[in-house]
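Report on the structure
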Amino acid sequence: MCLKFKVADYAGFCFGVQRAMDMAWDELETIDEYEVYSLGPLIHNKQAVKVYEDKGLNVVDNLDKVNEKSKIIIRSHGVSKDIYRNAVDKNLKVIDATCPFVKKIQDIANKYYNKGYKIIIVGDKYHPEVVGINGWCNNEAKIIKNIEDLNEIPRNYKRYCVVAQTTINLKMYQEISEKLKNILEDVIVHNTICLATRDRQKSASRLSEEVDCMIVIGGKHSSNTQKLVNICEENVKTYHIETVSDLEEDDIKKYSFVGITAGASTPSWIIEDVIKFIKNI
């Protein structure tokens, strides 16, 4: 009897990641005198990034390591306003692959900061997307990650504007937003969790209620993948893997119905490897 499995309706590369990867590949395919760099890994998936490095992409953590008259790719997470200014000063050709959904948050933060609002970002303060958004409000945003952090919100501002990291847990953000509306007099809340994140979280949650176990595929440092793991773990035994080599057949064959989902930075070929593995059990 074959093991039964089902893949979540929404899994793998999202629009913003696919766009960034396509833009980067096009630059690597272009024959000119420019070296190609990315400021940080293109996506939080080391297997996919290695393919690009083998093609000639140079991954650096700051502009000081980029040679002049080179191309610098701004990855889908986005960067602060200062990075653009510094890139121009260094005579670099900027390839801006910032996800449009992230760019929208940057614009909101910049707009309301200039109007005198205190910006509150709900997300991980160390995540590159959040670091970049903060750079559009003079790095003065208050960054909170959970309900407990609400006590740290300064109350000496007249107006507040709340935005969310695109990949955070939707349910948690809704809870935090409602709390903020209750404790702050003048607050504007923008639900900036991207549609791809919502779709992946909802479909993973539904599938985890149907199956005997879940396999979540994605980088260990991928925020959106970790959120999928957390959501699935609420309902069923969940295995977080980066590639099929992380799976043990003895662990999986004791189940009769396996669910599969993947983070927005997970290439389709890695997902296909896992599906083949399950079919062969």
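Procedures and definitions
Residues numbered from 1 in each chain as written. Predicted model: local features only at pLDDT ≥ 70, side-chain atom pairs only at ≥ 80, totals over all residues. Heavy atoms only, no water. Pairing = 2+ DSSP bridges. Helix = DSSP H or I, 4+ residues; strand = E, 2+ residues; numbered from the N terminus. Axes fitted to C-alpha atoms, helices over the stretch in contact; angles between N-to-C directions. Contact = heavy atoms within 4.5 Å. Phe/Tyr/Trp six-rings, centres within 6.5 Å; stacked < 30°, edge-to-face > 60°. Buried < 20%, exposed > 50% of the residue type's maximum accessible area, 1.4 Å probe, protein only. Salt bridge = Lys/Arg side-chain N within 4 Å of Asp/Glu carboxyl O.

1. Describing the sheet that holds strand E10 (residues 213-217)
The four strands are arranged E1-E12-E10-E11 in an open sheet whose pairing can be described as parallel. Pairing within the sheet leaves two strands with one partner each, and these edge strands are strand E1 (4-7) and strand E11 (237-241). Across the sheet, the mean angle separating the axes of adjacent strands is 20 degrees when strand polarity is ignored. Along the sheet, helix H7 (residues 195-208) makes contact with E1, E10 and strand E12 (257-262), crossing E12 at roughly 170 degrees.

2. Describing the sheet that holds strand E5 (residues 93-96)
The four strands are arranged E3-E2-E4-E5 in an open sheet whose pairing can be described as parallel. The open sheet has two free edges, formed respectively by strand E3 (58-60) and E5, since each of these has just one partner strand. Averaged over all pairs of adjacent strands, the angle between strand axes in this sheet comes to 30 degrees, irrespective of strand direction. Pairing between strand E2 (residues 36-39) and strand E4 (residues 71-74): three bridges, direction parallel. Along E4, the bridge assignment pairs valine 36 with lysine 71. Helix H1 (residues 15-29) contacts E2, E4 and E5 of the sheet and is inclined by roughly 145 degrees relative to E5.

3. Concerning the packing of aromatic side chains
Taken as a whole and assessed by the stated rule, the structure comprises five aromatic pairs. The interplanar angle of 75 degrees and the centroid separation of 4.9 Å between the aromatic rings of tryptophan 25 and tyrosine 52 together place this pair among those described as edge-to-face. With tryptophan 25 in helix H1 and tyrosine 52 in helix H2 (residues 46-55), this pair connects stretches of sequence that are 27 residues apart. A relative accessible area of 10% places tyrosine 52 in the buried class. On the numbers, 5.0 Å between centres and 90 degrees between planes, the contact of tyrosine 112 with tyrosine 117 is edge-to-face.

4. With respect to the pattern of salt bridges
Pairs can form between side chains of opposite charge whenever their charged atoms are close. Applying the stated criterion across every chain yields a total of 11 salt bridges. Aspartate 82 is paired through a salt bridge with arginine 85; the nearest N and O atoms lie 2.5 Å apart. One end of the pair is aspartate 82 and the other is arginine 85, both in helix H3 (residues 81-89) and three residues apart, which spans about a single turn. In this structure aspartate 82 comes out as partly exposed when scored by relative accessible area, which is 35%.

Honestly, it's all geometry; don't read function into it.
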